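Residue strings, one per chain:
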Amino acid sequence: MNVHISIKNVGVRYEKTAAVNNVSLDIPRGAATVIVGESGCGKSTLLRVVAGLQKPTVGEVKIFGDKTKIAFMPQTYGLMPWQTARENILLPRRLGKGLGFWRKDKLSAADEERFNDLLQKLGIAEITERYPRELSGGQKQRVALARVFFARLPILLMDEPFSALDAITREEIGRVFGALRKKVGMTTLLVTHDVNEALTLADEIVIMKKDSQKGGQIFTVLDGAADFGETGRETPEFFGKANKIRRILAEIAEK
């Protein structure tokens, strides 16, 4: 296994409160790992530790080869309200070239073609000159995804990225995201409460359990269903995996 992100014995405490306890996990390069678990089990805290936004109390996170090339997508999408959809998508590129928020950046013919192809795949080619306030939740989500994929950063971290969307839009966005992620080959760590979403997107699923005394920890790791294809949710195997995860989560919650 070609490890891209290595989490070793990570623990996080906030004064007298334990958030994460002794978590170790190796994430393969190019794989999608999804973390599920009840509220308060330390999912988002662990994600922030990997992103470098939270310092662990103990343990460490090692990222091999791409220490500063991480894309983090929060639940709020992170769009700049004073910039158009196109400007928001190109923002990481402009900052990477030192152009700043206010500078325009002309794309090469090849990049413009890649940009337009991405817009078509995400269904947002007609809204590039609109501002975030003029976009629906689903459109904002697609713009945020376009920004991530156009930047071509090797690592993507996502905290409940589709939670604000309605069920139909959420499933559609999940399918588009899954296809693009596979094509680009980004190493992805994603937090969600949705079991079906976790199965659809994940190569492996990490189930965490809550412990108010010691802090959240990994209960078990299961295979995902990212290789099932677009009809994966309709198979008996998918239903079997989903039910198994729900049973585990229910058992954990009862203890």
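Here, every reference points to the structure presented above.
Note that this is a predicted model, so its numbers are computed, not measured.

A.B. asks: Lay out the packing of aromatic side chains in plain terms, naming residues and giving numbers.
C.D. replies: On inspection of all chains with the given rule, the structure shows two aromatic pairs. Here the aromatic rings of F115 and F150 are separated by 5.5 Å at their centres, their planes lie at 85 degrees, and the arrangement is edge-to-face. With a gap of 35 residues between them, F115 in helix α3 (residues 109–122) and F150 in helix α4 (residues 137–151) connect regions that are remote in the sequence. A single burial state applies to F115 and to F150, both of which are buried. When the ring of F149 is compared with that of F177, the centres are 5.9 Å apart and the planes differ by 50 degrees; the resulting orientation is tilted. Of this pair, F149 sits in helix α4 while F177 sits in helix α5 (residues 167–184), and the two are 28 residues apart along the sequence. The aromatic ring of F150 is capped on one face by R114, whose charged end is 4.1 Å from the ring centroid.

A.B. asks: Provide a residue-level description of the side chain of E204, including the pertinent values.
C.D. replies: Of note, E204 is situated in strand β8 (residues 204–209). Here E204 is buried and forms no salt bridge, its nearest opposite-charge partner R181 lying at an N-O distance of 11 Å. If near-sequence neighbours (up to four positions away) are discounted, E204 is found in contact with L25, D26, P28, A32, T33, V34, V221, L222, D223 and G224.

A.B. asks: Break down the pattern of salt bridges for me, citing the residues and quoting the values.
C.D. replies: In this structure the tally under the stated criterion is seven salt bridges. Where R114 meets D111, a salt bridge forms, and the shortest distance between an N and an O atom there is 3.8 Å. Taken as a pair, R114 and D111 lie in helix α3 at a separation of three residues, close to a single helical turn. A salt bridge links R175 to E171; the nearest nitrogen and oxygen atoms lie 3.4 Å apart. Of the two residues, R175 and E171 are both situated in helix α5; the distance of four residues between them amounts to about one turn of the helix.

A.B. asks: So, the packing of α3 against α5: which residues are in play, and what are the values?
C.D. replies: Contact geometry for α3 and α5: axes closest at 10 Å, N-to-C directions at 150 degrees. Packed against α3, whose contacting residues are D117, L118, K121 and L122, the element α5 presents V176, L180 and K183 at the interface. Taken together, the residues of the contact of α3 with α5 sort by class into four nonpolar, no polar and three charged.

A.B. asks: For the sheet that holds strand β2 (residues 17–28), give the residues involved together with the corresponding values.
C.D. replies: Spatial strand order, β2-β1-β4: three strands in an open sheet with antiparallel pairing. Looking along the sheet, the strands with just one partner apiece sit at the ends: β2 and β4 (58–63). On average, each strand axis in the sheet is inclined to that of its neighbour by 15 degrees, with strand direction left out of account. Pairing of strand β1 (residues 3–14) with β2, which is carried by eight bridges, proceeds in the antiparallel orientation. Across the sheet, V12 pairs through a bridge with V20, a residue of β2. Contacts from helix α1 (residues 43–51) reach β1, β2 and β4 within the one sheet, and its direction differs from that of β1 by about 120 degrees.

A.B. asks: Any details on the sheet that holds β8? Residues and values, ideally.
C.D. replies: Taken in spatial order, the six strands make up an open sheet running β5-β6-β7-β3-β8-β9, and their pairing is mixed. Since the sheet does not close on itself, it has two edges, and those belong to β5 (70–73) and β9 (217–223), each with one partner. Shown here is a sheet whose adjacent strand axes are inclined to one another by a mean of 15 degrees, direction ignored. In the sheet, strand β3 (residues 32–36) pairs with β8 via four bridges, with the strands oriented parallel. When the sheet's bridge partners are listed, V36 is paired in β8 with I207.

A.B. asks: Mind laying out helix α7 (residues 236–254), listing which residues take part and the relevant values?
C.D. replies: Compared with an ideal rise of 1.5 Å per residue, which puts 19 residues at 27 Å, α7 spans 27 Å between its outermost C-alpha atoms and is within 8% of the ideal. Residues of α7 that are buried sit in contact with α6 (195–201), β8 and β9.

Cut-off values and rules
Residue positions are given per chain, counted from 1 along the sequence in the order it is written. The model is predicted, so local features are restricted to residues of pLDDT at least 70 and side-chain atom pairs to those at 80 or more, both for listing and for counting; the totals for chains, interfaces and linings are taken over all residues. For the side-chain quantities, the full set of heavy atoms in the structure was used; hydrogens and water were omitted. In this scheme Phe, Tyr and Trp rings, the latter by its six-membered ring, pair at centre separations within 6.5 Å, and the angle between planes marks the pair as stacked below 30 degrees, edge-to-face above 60, and tilted otherwise. Here a helix means four or more residues in a row that DSSP labels H or I, a strand means two or more in a row labelled E, and each is numbered from the N terminus. Accessible area is worked out with a 1.4 Å probe on protein chains only. A residue is then buried under 20% of its type maximum, exposed over 50%, and partly exposed in between. Definition used: whenever NZ (Lys) or CZ (Arg) falls within 6 Å of the ring centre and also within 35 degrees of the ring normal, the charge is taken to sit over that ring. By the counting rule applied here, Lys and Arg register as positive and Asp and Glu as negative, while His and the ends of each chain are not counted. Only one rule defines a salt bridge in this text: a Lys or Arg side-chain nitrogen within 4 Å of an Asp or Glu carboxyl oxygen. Residue contacts follow a heavy-atom distance rule, with two residues in contact if any of their heavy atoms lie within 4.5 Å. Simply put, an axis is a line fit to the C-alpha atoms, just over the touching stretch for a helix, and the angle between two N-to-C directions goes from 0 to 180 degrees. Three classes are used: nonpolar for Ala, Val, Leu, Ile, Met, Phe, Trp, Tyr, Cys and Pro, charged for Asp, Glu, Lys and Arg, and polar for all others, with Gly counted as polar. Should DSSP find at least two bridges between two strands, the strands are regarded as paired. Residue count minus one, scaled by 1.5 Å, sets the expected span of a helix.

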